[in-house]
Amino acid sequence: MNSELDLVTVYRSMDADAKEDTECLIELLTDAGIKAVLVDDSAPNVPKGVYEVRVPAADSARAEEVIAENPLPDETAEVDPSSDLDLETIAGAASELEATSIKNLLDASGIASVLVGDSVLPNFPFEVRVARDQVEQARALIADAEAKGPAAAEEAELESESGL
């Protein structure tokens, strides 16, 4: 490789495992007889957190073919076919404010939730949905919060703000 100007980027990533992925591709390309280099964000014009694989321009088409024929493990990950992650409505709300309160309660308790509704058409109800495998836990949490009432929510908020 005569100069950096002769190199072409054939792979770029800023995923959490980008460095490992680029190192894997460098090895793959080297085994295929293609001289490849890893370039990180310390190089000019490479955005922060980005890793690239560069090859000589003459080898770029072949390098792209090799990469396409050998996808990285994360790119071929199987999707969970079970219905455990399907979303199920666990609460309906007459207003966006009420639905957001429920969503915030669940999120604060470590239960990921999704708010479904349209702020543009506030006359339609809102829904809060969670993954099917967390429905019972979410419903129990909401029931507990409703039983304790608004005073308990205000008290908990004050405690969290004061760091008690």
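Residues numbered from 1 in each chain as written. Predicted model: local features only at pLDDT ≥ 70, side-chain atom pairs only at ≥ 80, totals over all residues. Heavy atoms only, no water.

Student: Describe the overall build of the protein, and please don't skip the residues or the numbers.
Tutor: The number of helices and strands found in the protein is four helices and six strands. The order of helices and strands in the protein, counted from the N terminus, is β-α-β-β-α-β-α-β-β-α. Among the 164 residues that make up the protein, the fraction classed as buried is 26%. Just so you have it, the protein exposes about 10,900 Å², and 53% of that area is on carbon and sulfur atoms. (Helix = DSSP H or I, 4+ residues; strand = E, 2+ residues; numbered from the N terminus. Buried < 20%, exposed > 50% of the residue type's maximum accessible area, 1.4 Å probe, protein only. Areas by Shrake-Rupley, 256 points an atom, 1.4 Å probe, with all protein chains shown as cover.)

Student: Account for unusual backbone geometry, with residues named and values stated.
Tutor: Backbone geometry places Asn45, a non-glycine residue, at a positive phi of 65°. By secondary structure assignment, the location of Asn45 is in the loop between β2 (37-39) and β3 (51-56).

Student: Any details on the side chain of Asp21? Residues and values, ideally.
Tutor: Within the fold, Asp21 resides in helix α1 (residues 18-31). This buried residue, Asp21, is left without a salt bridge; Lys19 holds the nearest opposite charge, at 13 Å. Residues contacting Asp21, with those up to four places away along its chain left out, are Tyr11 and Leu72. (Lys, Arg positive; Asp, Glu negative; His and termini not counted. Salt bridge = Lys/Arg side-chain N within 4 Å of Asp/Glu carboxyl O. Contact = heavy atoms within 4.5 Å.)

Student: Which residues make up the sheet that holds β3, and what are the values?
Tutor: If you trace the three strands from one edge of the open sheet to the other, you get β1-β3-β2, paired in antiparallel fashion. The outermost strands of the open sheet, each flanked by one partner alone, are β1 (7-13) and β2. Here the strands of the sheet are splayed against their neighbours by 30° on average, with no regard to which way each runs. With six bridges connecting them, β1 and β3 associate as antiparallel partners. Each residue of the ladder has a partner; that of Thr9, found in β3, is Arg54. The sheet contacts of α1 involve β1, β2 and β3, and relative to β3 the element is tilted by about 20°. Sheet strands in contact with helix α2 (residues 60-69) are β1 and β3, and its direction is about 25° off that of β1. (Pairing = 2+ DSSP bridges. Axes fitted to C-alpha atoms, helices over the stretch in contact; angles between N-to-C directions.)

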